[in-house]
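The residues making up each chain are set out below.
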Amino acid sequence: MTQAQIRRRQLVLGGGALGLSALASPPVVGQARPFAGQTLNGAAFQSTFHEYLRPFFPEFEERTGAKVNFNTQAFPVYNQRTDLELSTRGSALDVINVTFIYSGRWIGAGWLTNLSEFVNDGNRTDPAWDATDFVSGTQSAMQDARGNTYGFAWEAGAMLMAAARADLLDRAGKAMPTTFDELIAACDAVQGRDNMAAFVADGLHHWNWIPYLMGMGGKVFRDPPENLTPMLATPEAIRSAQWYADLLSKYGPSGVLSFSDDQAMRTQIAGRANFRTQAVTWLVPLAKHEDSTVKNTVRYALMPAGPQGNYPGSNSHGLGIPVGSRRKELAWEFIKWALSKEMLNRIVAERSYPSVCRRSVITGDAFRTGMTLNGQDVASLYLQVLELGGRSGYMKYRTVPVFPQVGDTINRGIARIATRQQDAQASMRQAQQDAIQVLQRAGVTLDAN
């Protein structure tokens, strides 16, 4: 192994390690511990799903003999490291998270293994595992144009709104906001009460801001996936960017512009911030986490609608196998085990995991019971968002191969406004030009105007 390969391996496996015991599905008939002596290297971004799965890892070790080294990092760190590793077709990783915004890039570049070959092989996959049980909308980002599958979804990210301290809304005579204007009015009513910020978000503006952009009539691209001309300097985009940057700077806690997903969640859990609009996975812990101080005051709702409609974020992340992996059979055993009906039902029953992608689990009693949070039927809200995104296809912008690069320009644009480095018009015009350059370097044909 060359020094460069060693450094790359250390880069991928070195940060945020989560030591996992051996994991797998039942051994092949006639064999005992078929993967004894092997080590599976995996990586993903930080998520409650992986935390909930961890207590079951010893079962996988006992049944297969394999050891698993699974690392989790912050969302941007994970994506950067994994994109680098995949681009070299390296063998440092065997199972990875297929990130929604990178799925088009990773699949289109041929960096992921075609899992349809495993699914359709009766010697590798029992038909009872039932690949068709995954909700089609959650799998669309995991497939190529020919229908081949490169990942299976473990999370459907349906964006909702949660108020950690809804009791403060009640005292102020305010209901959960249903429009952008009502959200601002509610933030004004609770800002600073009990030393609490009215709003919190993580720094992934290209996920958090876009529903507000669309709600004000803006868009990221002209007509994705066919026409990827960026639309970041339109009057609608400039107005929305200023509105969202003000929401962060005026109502957010100190340091909010650098918050990770986990930091934003823990700020709400501690009762230091009230509103957040984010994927349900990050909101359920307000009612469930053992450290939560707001279990009895949290309230959930659909995210507010703008004057041009309601466009809550809806995405999915999956588990896949890098094409360079030397342990593909073991990696597939891990995916089958982690995303089996049995395992997902256990996680739902024991931990009330809120973002499952198997239809049989979503419609089960355990899921609905687990998603009754502080007396509220959050399961129905979750389904509403998935159905809303599936009907109109407004999330298409996010799975085009060039979106991660364009998303970076969006992140910088919103940050410049919120930190008052530039006004909204100047910042978004710069974001537009940066996006155009990124797209042209990628060989994308753009409109003249």
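Refer to the structure printed above.
Residues numbered from 1 in each chain as written. Predicted model: local features only at pLDDT ≥ 70, side-chain atom pairs only at ≥ 80, totals over all residues. Heavy atoms only, no water.

What to know about the overall build of the protein
Counting secondary structure elements, the protein contains 21 helices and 13 strands. For 449 residues, the compact-globule formula gives about 22 Å, and the C-alpha radius of gyration of the protein, at 22 Å, lands near that figure. When the backbone C-alpha atoms are referred to their principal axes, the protein occupies close to 65 × 55 × 40 Å. Burial statistics for the protein: of 449 residues in total, 59% are counted as buried. For the protein, restricting intrachain contacts to residue pairs at least 6 apart in sequence, the fraction spanning at least 24 positions comes to 76%. As displayed, the protein has an accessible area near 17,800 Å², and 47% of this comes from carbon and sulfur atoms. Side chains of the protein carry 44 positive and 40 negative charges; the gap between the two charge centres is 4 Å. (Helix = DSSP H or I, 4+ residues; strand = E, 2+ residues; numbered from the N terminus. Rg over C-alpha atoms; globule rule 2.2 N^0.38 Å. Buried < 20%, exposed > 50% of the residue type's maximum accessible area, 1.4 Å probe, protein only. Contact = heavy atoms within 4.5 Å. Areas by Shrake-Rupley, 256 points an atom, 1.4 Å probe, with all protein chains shown as cover. Lys, Arg positive; Asp, Glu negative; His and termini not counted. Charge placed at Lys NZ, Arg CZ, Asp CG, Glu CD.)

Points about the environment of Pro55
Within the secondary structure layout, Pro55 lies in the loop between helix H2 (48-53) and helix H3 (57-64). Sequence separation between Pro55 and Ala164 is 109 residues; the distance between their C-alpha atoms is 28 Å.

Side note on the packing of aromatic side chains
Overall, the coordinates contain 25 aromatic pairs when judged by the stated rule. Relative to Trp243, the ring of Tyr212 lies with its centre 5.2 Å away and its plane at 35 degrees, an arrangement referred to as tilted. Note that Tyr212 is positioned in helix H11 (residues 210-215) and Trp243 in helix H12 (residues 235-251), a separation of 31 residues in sequence. An identical accessibility class is assigned to Tyr212 and Trp243; each is buried. The structure contains a cluster of three or more aromatic residues connected by ring pairs, namely Phe45, Phe49, Tyr52, Phe75, Tyr78, Trp154 and Tyr353. In this arrangement the basic side chain of Arg124 is found over the ring face of Phe118, its NZ or CZ atom lying 4.3 Å from the centre. (Phe/Tyr/Trp six-rings, centres within 6.5 Å; stacked < 30°, edge-to-face > 60°. Lys NZ or Arg CZ within 6 Å of the ring centre and 35° of its normal.)

Structural notes on the nonpolar core
Counting residues in each nonpolar core, the largest one holds 144 residues, and the members touching the most others are Phe199, Trp209, Phe275, Tyr300 and Leu339. With 10 residues, strand S5 (residues 152-163) is the single largest residue contributor to this core. Those residues in contact with Trp209 that lie beyond four places of it in its chain are Ala237, Ser240, Ala241, Tyr244, Ile410, Ile414 and Met428. (Core = buried A, V, L, I, M, F, W, Y, C linked by side-chain atoms within 4.5 Å.)

Overview of the pattern of salt bridges
According to the stated counting rule, one finds 20 salt bridges in the structure shown. Note that Arg327 and Asp94 form a salt bridge whose closest N and O atoms lie 3.0 Å from each other. Of this pair, Arg327 sits in the loop between strand S11 (314-320) and helix H15 (328-338) while Asp94 sits in the loop between helix H4 (75-87) and strand S4 (95-98); the two residues are 233 residues apart in sequence, bridging distant segments of the chain. Given a relative accessible area of 21%, Arg327 falls into the partly exposed group. On the accessibility criterion, Asp94 (0% relative accessible area) is buried. We note a salt bridge from Lys250 to Asp188, for which the minimum N-O separation is 3.9 Å. Here Lys250, found in helix H12, pairs with Asp188, found in helix H9 (residues 180-190); they are 62 residues apart in sequence, far enough to count as distant. Asp188 sits in the partly exposed class, given a relative accessible area of 44%. Salt bridges here are not isolated pairs; linked through shared partners, they connect Arg165, Asp167, Arg171 and Asp194. (Salt bridge = Lys/Arg side-chain N within 4 Å of Asp/Glu carboxyl O.)

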